[in-house]
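Reading the structure
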Amino acid sequence: MTDLLNSVLGVKDLRWGDEGVSFGFALGWPAWAWVGIAAACFAVALASYWRLEGNRIARITLGCARALLLLLLALLIAGPQLIRPQERVEQDWVVFLVDRSASMNVADAGLTPDAPRTRDQHLTQTFADSASMLGRIAGERNALFLGFDGQVFDLSTTQASPGAPLRVETGTAQGQRTMIGAALEQTLRRMAAKPLAGLVLLSDGRSADLPGRALIRQFEARGVPVFAVPLGSSRPLPDLAVTRTESPAVAFVGDVIPVNVEVESLGALVGAAGQSARVELLDELTGRVLDERRVDINPVSDAGEQASASVTLLSTPERAGEVRWVVRVTPDGPDLSEDNNRRTVLVSVSERPLRVVYFDGYPRWEYRFIKNLLARERFMRTSTLLLASDRRYVQDGNEILASIPRTQEEWNAFDVIILGDMRPGLFSTEQLAQIRRVVGERGAGLLWIGGPGPTPGAWRNTPLADLLPFALPGGQQADTGPADSIDAWLDPVVMSPGPAAQRYGVLMLSGDPQSPWPEAMTDPALGWPMLRWAQRINPLLVKPTAEVLAYATSVGAATPERAPLVLTMRYGAGRVVYVGTDETWRYRYGRGEVLPERFWIPVVRLLARESLGRVGAGAALTLSPQRSVVGQQVGIELRLIDQNLADRRPRTIDVVVTPEIQTNAPSDQSEAVRITLAGSDASEAQTGSMPTFRASWIPAQPGQFILRAVDPSLAGLEVSARAEVSLPDDELRIPQSDHESLAQLAAATNGAVIPPAELGTLPDLLPNRELRIVGTPDIETLWDKPAVLVLLLLMLTFEWVGRRVIKLS
C-alpha cells in the first residue's frame, strides 16, 4: 500500500514507510483547530446547498463534496509534507587514568607479609578481574585509557569483539615522578568538547603536586565525578633507604677509607615509632662484609623533622685498581622497598708510594718520632729537613733532596708538605707562593704542627696565612720570637676525637672501628695520656669551613674546659690539617709507638688523597657541586696541570656531557651536550697560576653523567668527571601510598572511592551523560505534487458535473 501511495504521489527523497519518516504539516495547527476547520467547511458547504431546489440527497452529496474540497484546500494551505528528523546520540566518555610512575613497583600490596605484591601487580590483577566490565563499558560508552607519571600518554587496549572482555596494556612503570594534578588538568583539556561521565583514577595517591582549587572547580562546573581506585597499602609502611654515600674517589693501598652513609626513614609520619637497622659495607665481587654498624632512627616529633641517621663505615683496600663496594641497609622490621637499600661505592686505589717532605725548625721530640714513623712506612718516600737560620739544613729520611725545592715543578712532586715549628723567613716569598699553589691548585696536602715557637703566629703576613684553619688575632707579628698570638693551656690537657674524625677515617687509635678512641686516652690518672703543652685555639677564631678532628680538655681545673686542638679544612683542590700540640710522643708510654703511628699516618694519608688523582695527569676536571638536582647550576672547572699544555694556553676547551648509563629515554633527552669552557684572563697567566677554564651546566634530566674533555689540545688524555643528578621531587623520595588524598579528591568532585576488588561496580555509579543532537530535518512537500492537483481538479469536476445533473447550473 505504501509503495502504491509513494508511486501516486511521486515522492523522491523521502518515502512513506521509510524508517524515521512521518507525515506532518508545515503549519502545526492543533487538533481542536482542525476540528473547527472541518466543521466550518461542512457548515459552509451544506449551507450553500440548503436553500437550493432539487433532490435533497443530491444536494447533500454535492454539499459534502464541496466540504471535502474546502477541507482539501485547508490541508494544502497547512503545508502537508513528509518529515525525517535529523537526530543523533553521542555516547558519553569514561576516562581511566592509570599511574605509571616508579612508585608502582613498591611491594606493599601483598596478600600476606610473606608474599609481597607490588602495586603494579595489584593493578594488573585488578584489570584482569574487571576485564568483562571494561569490555561492557567500552561497548556501551566511549572508554579512554591513559597512563600518567609526569605527563599523560595513551595506553593500548585489545578486545576480540565489541562487548568482549577488554585487556589493557599498561607497560612498565618507570616514571620518575607522579603529577596527579597536572594529569587531571591535561585530561580535562583533552576532553573539553566531549560529554564526560566520569574519570577513574587508579593510583597510590602519592604525587608531587595536588589538584588545586581552580581544578576542582572545573570538575564541579562540568559535573565530572572522580572515582578513585587506591592501590597499595592503606596503612603507610616504614621505608629505610640509603640516601647518600660519600667516600674518597681515590686512595692508596693501606689507607683506611671512610664511607659516610646517611640512612633515612622516607615518608616517616609524626608519632611513628623509631626504627633500627644494620648498615653494612660489602665487597661487590665477593660479597664479604668489610664493616658494619647499627643505626637507630628516632621517631619524628615534628612535621618538619627529618628521620635520618649518619654512620661511617671503614675499610682498607688490599690491592690496587678500581674497588667496588656496596653499602647495604637491612632494617630490623618491615621495609617498604628494597630498591633503595643499596648503593655502590667506587674507589680507585693506587699502590704508588706517597711523597712527603717534612720541614721543622729544631729537633724536638715530636719531630724525631714523626720522622721515624714516616721512614718506616712501606709506601712512603720521605724527606725530612731541619732548617737553620742561614738556610742551611740537616736532611734525613729515605729519599734525599739535592736542595730545598725552588721551582713549582719541584714542589709539585710532593703529595704532602709538613711544616713544623719554624720561621717563614727560612723560605723565600716565592717558595711560599709555590707551596700555596701546589696545595690550592694541584691538590697537595699541608700539615701544620704547632709549637711554642713561631708557628702559627709568625705566619700571619705570609702567602700561607690563608692556609691556616683559624684566624690569627692581634696586629703585626715579627718573623722571630714566640707566637704569643695563640695562648697555651696553663694546665695539661687530654685529647678526644671530634665529630669529623671518624668521617675522615682518622684518629682511630684503638684499632677497633666500633670504638675507635681508647677509653684510657681520656683518663688523666694514667699520666701518659696527658699532653703537657698544647695551644688553646679560640673556637670563635675557627674559620667557617674548618672542621674539628680533635678537642683538648683541660685537666686539674675546677671546671674542665674544651677547645679545638686538631683542625682540617679544604683549600682549593687540597686539604690542610693543623695540630696544635707537639706532645703526642708521650703516647709511647701507653702502648709503645702504636698510638703515635695510628695518630699520624692516617692523617698524612688523608692529606695525600687529593693529589693522587692529579699526579701524572695533564689536566684536572672538577664539578661544583658533584651531586645536583635537575635545574640546578653546576660549575665546571678545568685546570691545566702539565706545563707543556699550559704553555699552549688555548682560549677555550670543549667538554661533552653524556649519560653514563644509556636508558630508553627519547633520543632528544639522551644526546650528548657540548659545553665550551672559557679560559682564564691574562692577569691570571702573569701570576704563574695554572690556566683555568670555567663554564656552567644546568642538567635537564636526572641520572649519572660523565663529563669528558674532547678538545684536540688534550688528545690522548682521559680528563673526565662524574656527575650525579636527581630530581628535586624524586618519585621514591616518599614511597608510601597516600590514599587520604585520593579520598579527598573523590569527595570534592562528588565521586567515590572504589576498592580495587569492587571495580566491577563502576557501571552502577557512572551517570548517563550521553548527548542527543537534533539537526535540520529532511522535508519533502506534498502540496505541490501533480497527484494533489489532479485530485483537486477531480473534486471540482465532480461538483460541477453533479450540479449539471440536478440542473443547478
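Residues numbered from 1 in each chain as written. Predicted model: local features only at pLDDT ≥ 70, side-chain atom pairs only at ≥ 80, totals over all residues. Heavy atoms only, no water.

1. Quick word on a nonpolar patch on the surface
Our working rule: Residues enter patches when they are more than 30% accessible in relative terms and free of salt bridges; like-charged ones are connected within 9 Å and nonpolar ones (Val, Leu, Ile, Met, Phe, Trp, Tyr) within 5 Å. Each accessible area value is a Shrake-Rupley result obtained with a 1.4 Å probe; residue values ignore everything except the protein chains displayed when judging cover. The salt bridge criterion pairs a side-chain nitrogen of Lys or Arg with a carboxyl oxygen of Asp or Glu, the two atoms within 4 Å. For the purposes of this entry, the term helix denotes a DSSP run of H or I that reaches at least four residues, the term strand denotes a run of E that reaches at least two, and both are numbered from the N terminus.
A cluster of nonpolar residues, F42, L46, I60 and L68, forms a patch on the protein surface that exposes about 310 Å² of accessible area. Taken together, the elements giving at least two residues each to the nonpolar patch come down to α2 (31–50) and α3 (56–78). As for its position among the elements, F42 is in helix α2.

2. As for the packing of aromatic side chains
The relation between two aromatic rings is expressed through the spacing of the ring centres and the mutual angle of the planes. Which entries qualify depends on this criterion: Note on aromatic pairs: the rings of Phe, Tyr and Trp (six-membered ring only in Trp) are paired at centre separations within 6.5 Å, and the planes decide the class, stacked below 30 degrees, edge-to-face beyond 60, tilted for the rest. For every residue, the accessible area (1.4 Å probe, protein chains only) is compared with the maximum for its type, and the residue is labelled buried under 20%, exposed over 50%, or partly exposed between those bounds. Two limits define a charge over a ring: the Lys NZ or Arg CZ must be within 6 Å of the ring centre, and within 35 degrees of the ring normal.
Taken as a whole and assessed by the stated rule, the structure comprises 16 aromatic pairs. Ring centres of F127 and F145 lie 6.3 Å apart, and the angle between their planes is 75 degrees; on these two criteria the pair is classed as edge-to-face. Taken as a pair, F127 in helix α4 (residues 119–129) and F145 in strand β4 (residues 142–148) lie far apart in primary sequence, 18 residues in all. Per residue, the accessibility class of F127 equals that of F145, and both read buried. Pairing F470 with Y578 gives two aromatic rings, centres 4.9 Å apart and planes at 90 degrees, and the pair type is edge-to-face. Residue F470 is found in the loop between β22 (445–449) and β23 (493–497), and its partner Y578 is found in strand β26 (residues 574–579); the two are separated by 108 residues along the sequence. In this structure Y578 comes out as buried when scored by relative accessible area, which is 0%. One Lys or Arg, R536, reaches over the ring of W489 and ends 4.3 Å from the middle of that ring.

3. Description of helix α7 (residues 213–222)
Quick note on the threshold: Directions pointing from the helix axis toward each C-beta atom define the arc. Two residues form a contact once any of their heavy atoms are found within 4.5 Å.
Turning to α7, its buried residues number three or more, namely L215, I216 and F219. Considered in projection along α7, the buried side chains sweep an arc of 100 degrees and stay on one side of the axis. The inward-facing, buried residues of α7 contact α6 (180–190), β8 (196–203), β9 (226–230) and α17 (739–748). G223 lies just past α7 and shows a positive phi near 65 degrees.

4. Side note on the confidence of the model for the protein
Rules: Every residue gets a pLDDT, meaning the predictor's confidence in that residue, from 0 to 100.
Mean pLDDT over the protein works out to 84, with 90% of the residues at or above the 70 mark. A low-confidence stretch, residues 476–484 (pLDDT under 50), is modelled with 24 contacts involving residues beyond four sequence positions or located in other chains. Every residue in residues 662–669 scores below 50 in pLDDT, and together they form four contacts with partners more than four places removed in sequence or on other chains.

5. Quick notes on the nonpolar core
The condition is simple: The nonpolar core is taken to be a set of buried Ala, Val, Leu, Ile, Met, Phe, Trp, Tyr and Cys residues, with the residues joined through side-chain atoms within 4.5 Å.
Judged by nonpolar contacts, the single largest core of 48 residues is most densely connected at L447 and L507. Of the residues forming this core, the biggest block, ten residues, is contributed by helix α13 (residues 594–612). Setting aside its immediate chain neighbours within four residues, L507 contacts A501, P516, W517, L549, A550 and F599. Grouped together as the second largest cluster of nonpolar side chains are 37 residues, F414, A444, V548 and L567 included.

6. What to know about the side chain of T312
Let me state the cut-off plainly: Counting of polar contacts relies on pairs of N or O atoms within 3.5 Å, with two restrictions inside protein: one atom must be capable of donating a hydrogen and the other of accepting it, and residues adjacent in sequence are counted only when both atoms are side-chain atoms.
The residue T312 is located in strand β15 (residues 308–315) in this model. There is a polar contact of 2.7 Å between the side chain of T312 and the side chain of N260. Setting aside residues up to four positions removed in sequence, T312 forms contacts with P258, V259, N260, D291, R293, Q502 and R503.

7. What to know about unusual backbone geometry
Of note, the amide linkage connecting T455 to P456 takes the cis form, showing an omega dihedral of 15 degrees. In this structure, P625 follows S624 across a cis peptide bond, with omega equal to 0 degrees. Its place among the elements puts P625 in the loop between β27 (619–624) and β28 (627–629). Located in the positive-phi region is L507, a residue other than glycine, with phi close to 60 degrees.

8. Brief notes about the packing of α2 against α3
Rules: All axes here are fitted lines through C-alpha atoms, helices being fitted over the stretch that makes contact, and every angle between N-to-C directions spans 0 to 180 degrees. Put simply, a crossing is left-handed when the front helix is turned counterclockwise from the back one by less than a right angle, and right-handed when it is turned clockwise. Gly falls in the polar group here, along with every residue not listed as nonpolar (Ala, Val, Leu, Ile, Met, Phe, Trp, Tyr, Cys, Pro) or charged (Asp, Glu, Lys, Arg).
The N-to-C vectors of α2 and α3 enclose an angle of 145 degrees; their axes lie 8 Å apart at closest approach. The hand of the α2/α3 crossing is right-handed. In terms of residue class, the contact of α2 with α3 is built from 20 nonpolar, two polar and two charged.

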